[in-house]
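# Remarks on the overall topology
Below are the chains, spelled out letter by letter.
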Amino acid sequence: MKTFTKLASCTAVAAGFAILPLAVSAQSTMAYPEKCKSEGMDMSKADMPSGGMPMGDMPMGDMTDYQKASMDGMKGMHMNMMQGMMKKDADVSFVCGMIAHHMGAISMSEVELKYGDNEEAKQMAQKVIEAQKKEIEEMSKWVDKEVK
């Protein structure tokens, strides 16, 4: 449980420092539902974490390829999650936010599969991908059915 808590904390920290465009691999395999996007939301301020520092100002030169790929996925998750959470209906907001969150988990797992070298960690990543994709499909069907 401590490991999970540490991983969750790392995920939250990474999401706050995202600096690159949307994740390609997770986004290309599973699309964020159009019905989850909020009309008129000003995404120009989406790069501002709660501390107020623009994410685009972070130095990239010292980052490893792994770190850059991780940040890429977190930005995609962060932006989509903000879109979903702006929905007026609490149920829709929850489901759309969870879809974005799961897409972020898939992206993180794909980075692990590409860059990781520990077989146990890679197996965990593969399990996450399989479980999260199934749940995204279920939640996306709910959105298609319930959101007008």
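For the structure itself, consult the block above.
Thresholds, definitions, all that
In this convention, every chain numbers its residues from 1, walking through the sequence in written order. Selection of residues for local features in this predicted model requires a pLDDT of at least 70, selection of side-chain atom pairs for listing and counting requires 80 or more, and totals for whole chains, interfaces and linings are taken over all residues. Where side-chain values are given, they derive from all heavy atoms of the structure, hydrogens and water being excluded. A run of DSSP states H or I qualifies as a helix once it reaches four residues; a run of E qualifies as a strand once it reaches two. Both are numbered from the N-terminal end. Each residue is assigned to one of three classes by its accessible area relative to the maximum for its type, calculated with a 1.4 Å probe on protein chains only: buried under 20%, partly exposed between the two thresholds, exposed over 50%. Any two residues whose heavy atoms approach within 4.5 Å at even a single point are treated as in contact. In this analysis an axis means a line fitted to C-alpha atoms, helices contributing only their contacting stretch, and an angle means the value between N-to-C directions, from 0 to 180 degrees. Note that the term roughly parallel is reserved for angles under 35 degrees, roughly antiparallel for angles over 145, roughly perpendicular for angles of 65 to 115, and oblique for everything else. Only Asp, Glu, Lys and Arg are considered charged, only Ala, Val, Leu, Ile, Met, Phe, Trp, Tyr, Cys and Pro nonpolar, and every remaining residue, Gly among them, polar.

### Describing the overall build of the protein
- Secondary structure assignment for the protein yields 5 helices and 0 strands.
- Starting at the N terminus and walking to the C terminus, you meet the elements of the protein as α-α-α-α-α.
- Residue burial in the protein is summarised as follows: out of 148 residues, 39% are buried.

### Some remarks on the side chain of S140
- Looking at where S140 falls in the secondary structure, it is placed in helix α5 (residues 119-146).
- Setting aside chain neighbours within four positions, we find S140 in contact with P33 and I99.

### Examining the packing of helix α3 (residues 65-85) against helix α4 (residues 90-115)
- For the pair α3 and α4, the least separation of the axes is 8 Å and the interaxial angle reads 170°. Accordingly, the angle class assigned to the pair α3 and α4 is roughly antiparallel. Contacts from D65, Y66, A69, S70, G73, M74, M77, N80, M81, G84 and M85 of α3 reach α4 at S93, C96, G97, A100, H101, G104, S107, M108, V111 and Y115.
- The residue inventory of the contact of α3 with α4, partitioned by class, reads 11 nonpolar, 9 polar and 1 charged.

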